[in-house]
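Summary of structural features
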Amino acid sequence: MSPLSSLPPKTFISSFHCHSVTRLRRSVTARTMSSQSSQRVFQLRQDPLTGNSEWIVIEDNDQPGTSTDGLLATTSYLDMLNDSRRNIAYRLAIEKTITEPCHVLDIGAGTGLLSMMAVRAMRGDSKGMVTACESYLPMVKLMRKVMHKNGMTKNINLINKRSDELKVGSEDIASRADVLVSEILDSELLGEGLIPSLQHAHDMLLVDNPKTVPYRATTYCQLVESTFLCNLQDLRNNEAKTSDGVRLVPPGLESLFGIKSQQYSMHVDAIEKEIKLLSEPVKIFEFDFWKRPESNGELDVHIEAKTTGSVHAIISWWVLQLDSEGTIFYSTAPRWIDSNSEIGVRDWCDHWKQCVWFTPGTGVSISKGEKVHLHASHTCTNILYNLKKTQSLTHERTHFPLSTGDLHLTLPPERVAIYGDSIYRQSLFEATRKALQGKSYPQCLVIDDSLLLPLMALHISNRSRVLSLSPGLQENAARYFEAIADSNGFSKDRFEYFRDGKTNLAKAYPGKIDLLIGEPYYSGLENGLPWQNLRFWKDRTLLDSVLSEDAVVMPYKGVLRGCAMYLPDLWKSRCCLGSVEGFDHTLVNTTLGGCGDLPSGKDSPCLPFFIWQCGETKKLSKEFTVMEFDFSKPITGPCSGEVQIEFIKPGVCHGIALWMDWVMDEENSTVISTGPDDKYWKQGVKLLGKPVTVRMEGPSSSIGIQASLDLSSNSELIVTHTIS
């Protein structure tokens, strides 16, 4: 997984001249101003609570005010470095492959772990050299410190460039390299630019027949049945079972709405009991690192069903062969695979998961012994599947000609599942119906990216008129609503996408809005922290002047909730580093957002996770309220709260799960929770400074939680804890 994949939404890196670049793993670039001058990059960062962006400057020095702690603390570098199975496999393979002084190229060097392993394998011989390229300037600065700490600066030439910017014969790299070491892999294998990186390296940077670590990667897949996985994409059939009369996917317009045709990373071990295996594992593609790969490939395979069922998804993973002899391996397979293999089961880690490819609709029905045809293909960055039964292509998506052109709204699978959930829809429907009661010709303003609420408001009151800001979906939302208007029984003039921004809206509709609503849901914040959806309150405050005297705001309030958790696997993956395969990494802990043994005054960040995917977990306390936010009124100042945790189970507390409950009405009759009991929402996790042992009898430590949030100045929720 890309360590940079946890960067905030719409985060871009550019050169000094503001050239935008791709966000391939560790290929996020910062070009050098000149070989003699200090380097500088501009990074575009979006404030999730306002939607506004600002350029921040990253300098190639360690002067006050240029700290990169915040930029790297939310990435998965720390998780990778805590993956001991990965580290050991690379160390053994490097020691086996590099047996004499040579020239080694390390692509995507990170903290320099593989580069230092290579230098050590050459026993520090001055005839040996490692050229390490790392394109992300904050990581370059950190790697320099790690190299210096471990006395490795002499034999490693660190270049702050992408590998495809290196030219043999320049001061960057004097000659072609004999050995390539790299770890440019994501959960799908190809998504971080493995193929183009290898192609350029073989063409321009490596000798003929080089040695490589890894040596080969092989992808596998397996057909499965799972209602949970089916619900993540089958909105059409799920909403057909609901009674609210609203159709996000009307019959005949299926091509308007759905998920992207791609693989989605997920810890499938967490739903092992909800998965029915319909086939044996099948080998798909092999990629040899020691030779130039092809950009595209295809494979057709017939898979025999070992039991009867419906294929809802294809689960895939990969196996690395790190040495040429085939004795050192690393696998990302589910536990039900590795528990029966010689490779063995790896510890839980978050940087590499399995991948899920969804089969559209209700799945492909197969009988035991029946064969289905799988067509697999790969591009430079993706592996794609198409499943069909013996003669007919039952699973190709049907595209219908539309007056709206090629519009296809794509949402994350979890959002699709939420929109198909009957309980969620009923809650929203009842809350909207109640908010509209007694209003003759209501003017409704939807200030987030909800697709469901505008339709519900139009459906419940045939006299209502809906304005939508759709800040993330923008014009696509307008085209979408226009396309489904007839199917949902409303005229197009009852809906308006307001294009001119909140300031002009306040001028155009002073005191005219009767209902201001949101789920709240903002496109692009799905992978953010739960309280970032308090952008709803920020927007509501800015639009206070458009509200009529008896206007209703829905949700009525937001509640920050929490629970003390046993999280041993997550803790292990995020804990502070000491020695990593013999190399001191203690100085990276604060910068990479570690928990545990941090310097005084330093704390680990809150990070977003699906708690249910975090390995072994257990609730140790009652759920508690930390803060409440009253949306019926504008923001007037900072918010704060504190609570003493009441434990109900013994165990070890590693951290606090935090989430938002949305109270839809003043009577608290409808509450939508985004807590860990529901698999469709991410929670924020605040790991403690050190784990706390909880006892139900005798003396035991207690934990107090303090939180503060100033929405008027920034979007940082500050969470601290005290242990007594």
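Here goes a summary of the coordinates provided. Keep in mind it's a predicted model, so treat the numbers as computed, not measured. (Residues numbered from 1 in each chain as written. Predicted model: local features only at pLDDT ≥ 70, side-chain atom pairs only at ≥ 80, totals over all residues. Heavy atoms only, no water.)

1. Some details on the overall build of the protein
A count of helical and extended segments in the protein gives 16 helices and 39 strands. Sorting the 724 residues of the protein into buried and exposed places 58% on the buried side. When contacts within the protein are restricted to residue pairs at least 6 apart in sequence, those whose partners lie at least 24 apart make up 78%. When the accessible surface of the protein is totalled, it reaches about 29000 Å², and 47% of it is carbon and sulfur. (Helix = DSSP H or I, 4+ residues; strand = E, 2+ residues; numbered from the N terminus. Buried < 20%, exposed > 50% of the residue type's maximum accessible area, 1.4 Å probe, protein only. Contact = heavy atoms within 4.5 Å. Areas by Shrake-Rupley, 256 points an atom, 1.4 Å probe, with all protein chains shown as cover.)

2. Digging into the sheet that holds strand β27 (residues 547–554)
One open sheet accounts for five strands, arranged β25-β24-β23-β26-β27; its pairing is parallel. The open sheet has two edge strands with one neighbour each: β25 (495–497) and β27. Neighbour-to-neighbour, the strand axes of the sheet open up by a mean angle of 20°, direction not taken into account. Pairing of strand β24 (residues 465–468) with β25, which is carried by three bridges, proceeds in the parallel orientation. Residue pairing across strands places Leu-467 opposite Glu-496, the latter belonging to β25. The sheet strands contacting helix α12 (residues 452–460) are β23 (443–446), β24, β25, β26 (513–517) and β27, and the helix crosses β24 at an angle near 165°. Lying over the sheet, helix α15 (residues 535–542) contacts β26 and β27, oriented at roughly 175° with respect to β27. (Pairing = 2+ DSSP bridges. Axes fitted to C-alpha atoms, helices over the stretch in contact; angles between N-to-C directions.)

3. Describing the packing of helix α11 (residues 422–436) against α12
Contact geometry of α11 with α12 gives a least axis separation of 10 Å together with a crossing angle of 50°. In terms of axis orientation, α11 runs oblique to α12. The handedness of the crossing between α11 and α12 comes out as right-handed. Taking contact as the criterion, the partners of Tyr-424, Arg-425, Leu-428, Phe-429, Thr-432, Arg-433 and Leu-436 in α11 are, on α12, Leu-452, Leu-453, Met-456, Ala-457, His-459 and Ile-460. (Parallel < 35°, antiparallel > 145°, perpendicular 65-115°, else oblique. Left-handed = near helix turned anticlockwise from the far one by under 90°.)

4. Details of the pattern of salt bridges
A side chain with one charge may pair with a side chain of the opposite charge, provided their charged atoms come close. The final tally for this structure, using the stated rule, is 40 salt bridges. Its salt-bridge partner being Glu-286, residue Arg-216 comes within 3.8 Å of it at the nearest N-O pair. Residue Arg-216 is located in strand β9 (residues 216–225), and its partner Glu-286 is located in strand β13 (residues 282–288); the two are separated by 70 residues in the primary sequence. Judged by relative accessible area, Arg-216 falls into the buried class, the value being 18%. (Salt bridge = Lys/Arg side-chain N within 4 Å of Asp/Glu carboxyl O.)

5. Re the environment of Ala-477
Tracing the backbone shows Ala-477 in helix α13 (residues 475–484). Between the C-alpha atom of Ala-477 and that of Tyr-497, which follows or precedes it by 20 residues, the distance is 7.9 Å.

6. Here we look at the packing of helix α3 (residues 84–97) against helix α4 (residues 113–121)
Their axes nearest at 9 Å, the elements α3 and α4 cross at an angle of 35°. For the crossing formed where α3 meets α4, the hand is right-handed. Only Leu-113, Leu-114, Met-117, Ala-118, Arg-120 and Ala-121 of α4 make contact with α3, whose side of the interface consists of Arg-86, Asn-87, Tyr-90, Arg-91, Ile-94 and Glu-95. Class assignment of the residues belonging to the contact of α3 with α4 gives a composition of seven nonpolar, one polar and four charged. (Nonpolar A, V, L, I, M, F, W, Y, C, P; charged D, E, K, R; others polar.)

7. Side note on the sheet that holds strand β14 (residues 297–304)
Hydrogen bonds between backbone atoms are what pair the strands of a sheet, whose relative direction is either parallel or antiparallel. Pairing is antiparallel in the open sheet, where three strands are placed in the order β14-β20-β21. Both outer strands of the open sheet, β14 and β21 (383–388), are each paired with one neighbouring strand and no more. Each neighbouring strand pair of the sheet contributes to a mean axis angle of 20°, computed without reference to strand direction. The sheet contact formed by β14 and strand β20 (residues 371–378) spans eight bridges and is antiparallel. Note on β20: the bridge partner recorded for Asp-300 is His-375.

8. Focus: the packing of aromatic side chains
To describe a pair of aromatic rings, one takes the distance between the centres and the angle between the planes. Taken as a whole and assessed by the stated rule, the structure comprises 20 aromatic pairs. Considering the side-chain rings of Tyr-220 and Trp-317, the 6.2 Å spacing of their centres and the 15° angle between planes classify their relative orientation as stacked. Of this pair, Tyr-220 sits in strand β9 while Trp-317 sits in strand β16 (residues 313–321), and the two are 97 residues apart along the sequence. On the basis of relative accessibility, which here comes to 24%, the residue Tyr-220 falls in the partly exposed class. With relative accessibility at 3%, the residue Trp-317 sits in the buried group. (Phe/Tyr/Trp six-rings, centres within 6.5 Å; stacked < 30°, edge-to-face > 60°.)

9. A closer look at the state of the cysteines
Using the criterion set out here, one finds zero disulfides in the structure. Sulfur of Cys-575: no disulfide; nearest cysteine sulfur belongs to Cys-595 and is 6.0 Å away. (Disulfide = S-S within 2.5 Å.)

10. Details of the environment of Thr-242
Along the chain, Thr-242 turns up in the loop between α8 (235–239) and β10 (257–258). A sequence separation of 181 residues divides Thr-242 from Ile-423, and the C-alpha atoms of the two residues are 9.1 Å apart. Every residue in contact with Thr-242, bar those within four places of it in the chain, is listed here: Arg-247, Ser-422 and Arg-425. Of note is the side chain of Thr-242, whose polar atom sits 2.6 Å from the backbone oxygen of Glu-239. For Thr-242, the side chain forms a polar contact with the side chain of Arg-247, separated by 3.5 Å. (Polar contact = N/O pair within 3.5 Å; in protein donor to acceptor, adjacent residues only side chain to side chain.)

11. Some remarks on the pairing of strand β4 (residues 103–107)
Taken across its five residues, β4 has five buried, putting it largely inside the fold. Both β4 and strand β5 (residues 129–133) contribute to a ladder of five bridges, which runs parallel. Paired with Val-104 across the two strands is Val-130, which belongs to β5. In this fold, the crossover linking β4 to β5 by way of α4 has right-handed handedness. (Right-handed = clockwise from strand over helix to strand, strands pointing away.)

12. Regarding the side chain of Arg-540
With respect to the helices and strands, Arg-540 occurs in helix α15. What makes Arg-540 buried here is its relative accessible area of 2%. Excluding its chain neighbours within four sequence positions, the residues that come into contact with Arg-540 are Ile-447, Leu-516, Leu-547, Val-553, Phe-631, Ser-632, Lys-633 and Pro-634.

13. Some points on the environment of Ser-295
As for its position among the elements, Ser-295 is in the loop between β13 and β14. Measuring from C-alpha to C-alpha, the distance between Ser-295 and Cys-380 comes to 5.1 Å, with 85 residues separating the pair along the chain. Within the structure, the side chain of Ser-295 is placed 2.9 Å from the side chain of Gln-199, a separation counted as a polar contact.

14. Remarks on α3
Along its 14 residues, α3 runs 20 Å from first to last C-alpha, staying within 8% of the 20 Å computed at 1.5 Å per residue. Those residues of α3 that sit buried are Arg-86, Asn-87, Ala-89, Tyr-90, Ala-93, Ile-94 and Thr-97. Angular distribution of buried residues about the axis of α3 spans 165°; they occupy a single face of the element. (Expected span 1.5 Å × (residues − 1). Arc of directions from axis to C-beta.)

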